[in-house]
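Here are the chains, one letter per residue:
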Amino acid sequence: MIKIAILDYGVGNLFSIQTALEKLGVTTIVTSELDTNLEYDGIILPGVGGWKHAVKRIQVNQRILNDYYENNKPILGVCLGMQLFFEKSAEGPGDGLGFFEGEIMLFSNNVKVPHIGWNTLKQNNKDRILDGVEDQSWAYFVHSLYPKPTDSKIISTTTDYGIEFTSMINKNNIFGTQFHPEKSGKAGARILKNFVSVCGNL
Amino acid sequence: MTLSKRIIPCLDVKEGRVVKGEHFVNLKDAGDPVELGSKYRDDGADELVFLDITASPEKRKTVSEMVRNVASKLDIPFTVGGGIGSIEDARNILCSGADKVGINTRAIEKPELITEISERFGRQCCVVAIDAKRNENNMFEVFSYGARKSTGIDAIQWSQEVEKLGAGEILLTSIDRDGTEDGFDVELTKEIVDKVNIPVIASGGCGSMEHFADVFDKTNVDAALAASVFHYNQFDISSLKRFLKENEVLVRI
């Protein structure tokens, strides 16, 4: 049985991603503090809440997340969860995990903010996590900020919203999606399934 | 820009049961929010809105049960509105699995609730519903309590105010058009859409596929919501989306 931890920053809807994983036969553990004594097959940083609040909650888990990152164990960050992979955000003070160099930027005023709705994923790299997902698949977004990684090699997909922004990143077994796979119909379900396979193969 | 326009069916729910929607002969239980929601999802709905009209003291419990059932089956986003008056009400619904909460009357009476919800859970999950009606001075006036009570508030100013307070989206209903099947109120929708920089959902008055095309063509609105045309199966969402695509509206198919 694959065991995946979902990190709880204390706000909002974790139920959707949890049930989506459970439908794939995964055992989920929703926790605000990751347990060093437990061996998770993967960790999910979900996409609810604000930066300022989440960076506080991430501090107590920083050591174990670093350990997963350095040992190349699977982590999936969704929306805010992916933004936490970077150091700084225009949304507020506090340090993210700093796995990747780059910035979290706010959309400019020439588009409506938040970016809400279904938009398409233009694939740059054919990652394992995109297996079976067609180029230009629709995904559901709801966010005001987006990542701008320094290293363009980690960009898996981009999306057009006034500018072409990074909507998915991947390096080794670290994956991030700016959209919500748990709300993105068939394409999203496939991406979650692919992540679960990555977790199962280690 | 490749962001699609959204088509959103609205379902009225009382005591955990859908009130309208009994017109789908092929559904086993058209009163079940999950079954009806799944049908709309399969037809291509981009999102769902559930308006909870339960008035019993058990409201909080029945709504969270319904939200949990819907969230465990549906893989598209949904909003729940109706009687949300506190941060605890919002938390109850969001933590049960809803993506957004819709507030209306309580936002007018207690505008700081908008800020509280948006600071706590993120502005993206705070939808402010505005019911507007032309008054004798030709002003669009905000009404509360299910469009029954006039407030004297100018709808355009109120929409800008809710944006400042932290609303992530506006669900705009034309009281003049609601139930008429004469089409969306293009004038009202355009006025508001052009004055705010957050997404707006148009609602009220839809009676045909042309009405959807019209509001998307004449305004920069982001989504359109309807209830009866879908519930009474006048047309289904997949035909509507094909029609919109032929009319050069960007939709998710």
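Bear in mind that the values here come from a model prediction, so they are computed numbers and not experimental data. (Residues numbered from 1 in each chain as written. Chains lettered and ligands numbered in written order. Predicted model: local features only at pLDDT ≥ 70, side-chain atom pairs only at ≥ 80, totals over all residues. Heavy atoms only, no water.)

**Student:** Would you take a moment to explain the sheet that holds strand 9 (residues 145-149) of chain A for this structure?
**Tutor:** The strands making up a sheet are joined through hydrogen bonds of the backbone, oriented either antiparallel or parallel. All names here are of chain A. Taking strand neighbours across the sheet as the criterion, the three strands line up as 5-6-9 in an open arrangement whose pairing is mixed. Both edges of this open sheet fall to strand 5 (88-89) and strand 9, since each of them pairs with a single strand only. Where strand 5 meets strand 6 (residues 102-106), two bridges bridge the pair, whose relative direction is parallel. Paired with K88 across the bridge in strand 6 is E103. (Pairing = 2+ DSSP bridges. Helix = DSSP H or I, 4+ residues; strand = E, 2+ residues; numbered from the N terminus.)

**Student:** Please explain a nonpolar patch on the surface as it appears in this structure.
**Tutor:** All names here are of chain B. A surface patch of nonpolar side chains, about 210 Å² in accessible area, is lined by V19, L51 and I53. As for its position among the elements, I53 is in the loop between strand 3 (48-52) and helix 2 (59-73). A relative accessible area of 39% means that I53 is categorised as partly exposed. (Patch = residues over 30% accessible without salt bridge, like charges linked within 9 Å, V, L, I, M, F, W, Y side chains within 5 Å. Areas by Shrake-Rupley, 256 points an atom, 1.4 Å probe, with all protein chains shown as cover. Salt bridge = Lys/Arg side-chain N within 4 Å of Asp/Glu carboxyl O. Buried < 20%, exposed > 50% of the residue type's maximum accessible area, 1.4 Å probe, protein only.)

**Student:** Sorry, what's going on with the environment of S144 of chain A here?
**Tutor:** All names here are of chain A. Tracing the chain through its elements places S144 in the loop between strand 8 (137-143) and strand 9. The exposure class assigned to S144 is buried, which follows from its relative accessible area of 16%. In the structure, S144 is positioned 53 residues away from E91 in sequence and 8.9 Å away in space, judged by C-alpha atoms. With sequence-adjacent residues up to four places away left out, S144 is seen in contact with M105, L106, F107, V113 and P114. (Contact = heavy atoms within 4.5 Å.)

**Student:** Explain unusual backbone geometry to me, please; I cannot follow it from the model alone.
**Tutor:** All names here are of chain A. The linkage connecting V113 with the following residue, P114, adopts the cis geometry, with an omega of 5°. Note that P114 resides in the loop between strand 6 and strand 7 (115-123). Notably, Q136 is not glycine yet its phi reads approximately 65°, a positive angle. Residue position: Q136 is located in the loop between strand 7 and strand 8.

**Student:** It is not clear to me how helix 3 (residues 87-95) of chain B should be interpreted in this structure. Could you clarify?
**Tutor:** Along an α-helix, residues three or four apart share an orientation, since each turn contains 3.6 residues. Residues and elements named next belong to chain B. Within the sequence span of helix 3, burial applies to I87, D89, A90, N92, I93 and L94. The inward-facing, buried residues of helix 3 contact helix 2, strand 4 (78-81), strand 5 (100-103) and helix 5 (112-121). G97 lies just past helix 3 and shows a positive phi near 125°.

Keep in mind these values describe shape, not function.
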